[in-house]
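One-letter residues, chain by chain:
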Amino acid sequence: MDIVFSESELEKVEEIKSRYPELQAALMPVLWMAQKKFGWLSKEVMMYVAGLLDLSYAHVYGVATFYTMYFKKPMGKNHIQVCTNVSCMLGEGEMIFRHISEKLGINNNETTPDGLFSLEEVECMGACGGAPMIAINEDYYENVSIMMIDDKFDLLKQS
Amino acid sequence: METPKVLLSGIPDYHKIDVYLQHGGYKEIRKALAMQPADVTGEVKKSGLRGRGGACFPTGLKWTFMPKGTDKPKYLVVNGDESEPGSFKDRQIFEFNPHQLIEGILITNYAMGIEAAYIYIRGEYHRWVDLLQKALDDAYEKGFVGEAMKKTFGKDFTTNIYIHKGAGAYICGEETSLMNSVEGRRGYPRFKPPFPAQNGLWGMPTTVNNVETIATVPQIMKMGGEAYSGIGAERHPGTLLFGVSGHVNKPGVYELPTGVLLTDIIYDICGGVKGDKKIKAVIPGGSSMPPLRGDEIEGVRMDEESLKPLGTHIGTGGIIVMDEDTDIIKITKRIAHFYHHESCGQCTPCREGTGWMEKILQRILDGNGSMADLDLLVSVCNNIEGNTICALGDAAAWPVRGFITKFRDEFEARVSKKREFTAPNIVHGRRQAAGSLVFER
Ligand SMILES: Cc1cc2nc3c(=O)[nH]c(=O)nc-3n(C[C@H](O)[C@H](O)[C@H](O)COP(=O)(O)O)c2cc1C
Ligand code: SF4
Ligand code: FES
């Protein structure tokens, strides 16, 4: 894929820039846009963003690496995030993590060879009342059970 | 007494602008605009409102720190990072009452003469960012925000509101780190002083307030500061969004007046402990707050002034209940791991100390801990506390020290009495790499 934004995306970048008195502040929202479009933040993508915002590649790289949600490597189609922080731990979140890990045959921060799933053990996602919880890409699933997970994953494999 | 519903009205579809308007929405900004800005701040002062982000700082007082009569642009940052484990209340506002938050921002900005507000929302909350953005778009369209305000309200005041999405860093909830994050930098906390009111976003006067704090403001305008101060506990008045999680039958977010009994929250409102088990520990306000032991919770009232004498705090109001079967060492280690993972690494005591704590706790968990490890842990906590740039250091030290102090027996039972090897940190070994400073003649 060519690393360029479309005409309308570039307009969006202009709109984002207008929200802040300084150009640099547009970096995080534009990195989000880039990640959504290109899947992850490769060196080429970061250089492209740096060019758009008149920033150095070093600065963009520094910011991208500070925040865990910017992907610095390619991710599976379904990014599975399992919370094991206190409230979820009390709700058997670790068991959920182990189950998924065994089911997919991968460990934390790994991707299945078919590129369908990436697994990540995450810190509290701010949904502690719904423990145990997982997120698949951008969607939260709260009060999950092994059965629900099995059903959901079967669906994901088919789609 | 009936509990006043200040933040979560329970009215169906209240998140939609039409429904919000039907129930008197965006009237309070009109009321505020008819007053002098200083009087608006005065009303908030009178209400006794204290920040809901964790530190309980008096909101009205904070607002008075903003310089007056300056030409510099001023900013508001609304803190919706909500990353403290056990806290999940602000997202209720994004989902069920976004317009009250927006109206609160308008009033706040008017009171301080602020030209733009940035709502910082944690990156994981994609869905809630969208929900709030929708509400914001509707408010812009109706002319309640931005340039159109002049026409809508007939007053020479305009302000803009923007959403800034985080990208997964707990530390960005800390106000100075948050400002760096808005500016498009790595989220390192800054030294204080200078405080944000003097030198905040882009070096300009800035106020940082929590989402729940700001969402309360329209209700204060509505009922008057005096009346608001009559809700709940005298020295920490109002209602709080308590997020209850852990071993209770009905976890969730409940709006209750401050000063409510912890036992009432657990047994009445949350339907008691799962399986009718006994309670071993309760964290009263998010994972960084020292825990209460089960035998200590009788009669405890949930407001800052009642919790302080017990050595803990209301924090974010995130209550985590643990039943009698909970492995306290495992929980402590999990908490230590979190703070180690989230330390930004700027200060040595925090960066190294959080790592040591996690390592020592892991050792104890593995059955290789010694009695001296317990004192070592407490000593590490004491050396982190107060010696760092930001309060993450304290947030890491408090729970660990709290758990060890309160559950000393349990920790002692877990450390082996006879260890087969000496721990590297209790013996002296001459460092091979360092040269001797004693010179031979
Ligand atoms: C490590 C750390 C994390 C924090 N996280 C949050 C947070 O997620 N949300 C929040 O409102 N305040 C958080 N705070 C507190 C903020 O620094 C700040 O005090 C607060 O947003 C002020 O708002 P308030 O006066 O309305 O409470 C955090 C503080 C520290 C030290
Ligand atoms: S206390 Fe920890 S998180 Fe805060 S600035 Fe220092 S190293 Fe960073
Ligand atoms: S502890 Fe899992 S969402 Fe908060």
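Residues numbered from 1 in each chain as written. Chains lettered and ligands numbered in written order. Predicted model: local features only at pLDDT ≥ 70, side-chain atom pairs only at ≥ 80, totals over all residues.

Engineer: Honestly, the overall build of chain B in this entry has me stumped. Any pointers?
Structural biologist: Counting its regular elements, chain B contains 18 helices and eleven strands. For chain B, the C-alpha radius of gyration of 24 Å lies close to 22 Å, the compact-globule estimate for 441 residues. Each principal axis of the C-alpha atoms in chain B carries an extent, and together these give about 85 × 65 × 35 Å. Within chain B, the fraction of its 441 residues that count as buried is 52%. (Helix = DSSP H or I, 4+ residues; strand = E, 2+ residues; numbered from the N terminus. Rg over C-alpha atoms; globule rule 2.2 N^0.38 Å. Buried ≥ 20, exposed ≤ 12 C-beta atoms within 10 Å, placed from the backbone.)

Engineer: What should I look at first to understand the overall build of chain A in this one?
Structural biologist: The helix and strand tally for chain A stands at seven helices and five strands. Taken from the N to the C terminus, the helices and strands of chain A come in the order α-α-α-α-β-α-α-β-β-β-β-α. Taken along the three principal axes of its C-alpha coordinates, chain A extends 50 × 30 × 25 Å. For chain A, the residues scored as buried account for 38% of the 159 residues in total. Considering only contacts within chain A whose residues lie at least 6 apart along the sequence, 56% involve residues at least 24 apart. (Contact = placed C-beta atoms within 7 Å.)

Engineer: So what exactly am I meant to see when it comes to helix H10 (residues 211-223) of chain B here?
Structural biologist: Since the α-helix advances by 3.6 residues per turn, residues separated by three or four positions end up pointing in the same direction. Residue and element names in this part refer to chain B. Along H10, the sharpest change in direction is near 25° and occurs at Val217; proline Pro218 comes one to four residues later. The buried count for H10 comes to eleven of 13 residues, which makes it a mostly enclosed element. Buried within H10 are the following residues: Val211, Glu212, Thr213, Ile214, Ala215, Thr216, Val217, Pro218, Gln219, Ile220 and Met221. Positive backbone phi, at 90°, marks Gly224, one or two positions downstream of H10. (Bend = angle between axes of the 7 residues up to and from the residue.)

Engineer: Can you help me understand the site of ligand 1 in this one?
Structural biologist: Residues and elements named next belong to chain B. Neighbouring ligand 1 are 23 residues; Gly51, Gly53, Gly173, Asn210 and Thr213 lie closest to it. Looking at which element gives the most residues to the shell around ligand 1, the answer is strand S4 (residues 206-210), with three residues. Taken together, the residues of the shell around ligand 1 break down into eight nonpolar, nine polar and six charged. (Near = placed C-beta within 6 Å. Nonpolar A, V, L, I, M, F, W, Y, C, P; charged D, E, K, R; others polar.)

Engineer: Is there a simple way to think about the nonpolar core in this case?
Structural biologist: In summary, soluble globular proteins display a tendency toward joint burial of nonpolar side chains. Counting residues in each nonpolar core, the largest one holds 166 residues, and the members touching the most others are Leu27 and Val49 of chain A together with Val77 and Val321 of chain B. Residue contacts for Val77 of chain B: discarding those within four places in its chain leaves Tyr118, Tyr120, Leu178, Met179, Val182, Leu201, Thr206 and Val208 of chain B. (Core = buried A, V, L, I, M, F, W, Y, C linked by C-beta atoms within 7 Å.)

Engineer: Looking at this model, I keep getting lost on helix H12 (residues 262-269) of chain B. Mind explaining?
Structural biologist: Among the residues of H12 of chain B, Leu262, Ile265 and Ile266 of chain B are the ones counted as buried. Take H12 of chain B and look down its axis: the buried residues cluster within an arc of 90°, on one side only. (Arc of directions from axis to C-beta.)

Engineer: In this structure, what is going on with the interface of chain A and chain B? I would like to understand it.
Structural biologist: Where interface size is given, it is often the accessible area lost as the parts come together that is meant. Each partner contributes residues to the interface: chain A has 32 residues there, and chain B has 46 residues. When residues of the side of chain A that touches chain B are traced back to their parent elements, those giving at least two are helix H2 (27-38), helix H4 (57-66) and helix H5 (86-90) of chain A. By residue class, the composition of the side of chain A that touches chain B is 21 nonpolar, seven polar and four charged.

Engineer: Can you walk me through the sheet that holds strand S5 (residues 139-141) of chain A in this structure?
Structural biologist: Strand pairing in a sheet relies on backbone hydrogen bonds. The paired strands run either parallel or antiparallel. Residue and element names in this part refer to chain A. Spatially, the five strands line up as an open sheet ordered S2-S3-S1-S4-S5, and their pairing is mixed. Edge positions in the sheet fall to strand S2 (110-111) and S5, since each of these pairs with one other strand and no more. Relative to strand S4 (residues 134-136), strand S1 (residues 78-83) runs antiparallel, the two sharing three bridges. Considered in S4, the bridge of Gln81 is made with Ala135. Here helix H6 (residues 93-104) sits on the sheet and contacts S1, strand S3 (117-122) and S4; the angle it forms with S1, its principal contact strand, is near 150°. (Pairing = 2+ DSSP bridges. Axes fitted to C-alpha atoms, helices over the stretch in contact; angles between N-to-C directions.)

Engineer: Whenever I open this one, the domain arrangement of chain B confuses me. Can you help?
Structural biologist: Residues and elements named next belong to chain B. Under the domain assignment used here, chain B contains domain 1 (17-230), domain 2 (233-323) and domain 3 (328-414). Taking only C-alpha atoms, the centre of domain 1 and the centre of domain 2 are 27 Å apart. Secondary structure elements with two or more residues in the side of domain 1 that touches domain 2: H10 and helix H11 (225-229). (Domains from an automatic or database assignment.)

Engineer: Teacher, can you tell me more about the confidence of the model for chain B here?
Structural biologist: Close reading of the predicted structure is inappropriate where its pLDDT is low. Overall, the predicted model of chain B reaches an average pLDDT of 94, with 94% of residues at or above 70. Scored by ipTM, the complex comes to 0.97, with pTM at 0.95. (pLDDT = per-residue confidence, 0-100.)

Engineer: Is there a simple way to explain the site of ligand 2 in this structure?
Structural biologist: Residue and element names in this part refer to chain B. Near ligand 2 there are 14 residues, and of these Cys344, Cys347, Cys350, Thr388 and Cys390 occur at the shortest range. For the shell around ligand 2, the elements supplying multiple residues, two or more each, are helix H15 (348-365) and helix H17 (392-406). Taken together, the residues that form the shell around ligand 2 break down as eight nonpolar, five polar and one charged.

Engineer: Is there a simple way to explain the domain arrangement of chain A in this structure?
Structural biologist: In terms of domains, chain A is made up of domain 1 (7-66) and domain 2 (78-158). Placing a centre on the C-alpha atoms of domain 1 of chain A and another on those of domain 2 of chain A gives a separation of 29 Å.

Engineer: Would you mind showing me how to read the environment of Gln24 of chain A here?
Structural biologist: Along the polypeptide, Gln24 of chain A turns up in the loop between helix H1 (7-17) and H2. Overall, the presence of 17 C-beta atoms within 10 Å leaves Gln24 of chain A in the partly exposed class. Here the alpha-carbon distance between Gln24 of chain A and Lys77 of chain A, two residues 53 residues apart in the chain, equals 30 Å. Discounting chain neighbours no more than four positions away, the residues touching Gln24 of chain A are Leu53 and Leu55 of chain A together with Glu183 and Gly184 of chain B.

Engineer: What should I look at first to understand the packing of helix H6 (residues 98-112) of chain B against H10 of chain B in this one?
Structural biologist: Helix-helix packing: each pair is described by the crossing angle between the helix axes and the interaxial distance. Residues and elements named next belong to chain B. Contact geometry of H6 with H10 gives a least axis separation of 7 Å together with a crossing angle of 80°. With respect to H10, the element H6 is oriented roughly perpendicular. Contacts from Gln100, Leu101, Glu103, Gly104, Ile105, Ile107 and Thr108 in H6 reach Val211, Ile214, Ala215, Thr216, Val217, Pro218 and Met221 in H10. Taken together, the residues that form the contact of H6 with H10 break down as nine nonpolar, four polar and one charged. (Parallel < 35°, antiparallel > 145°, perpendicular 65-115°, else oblique.)

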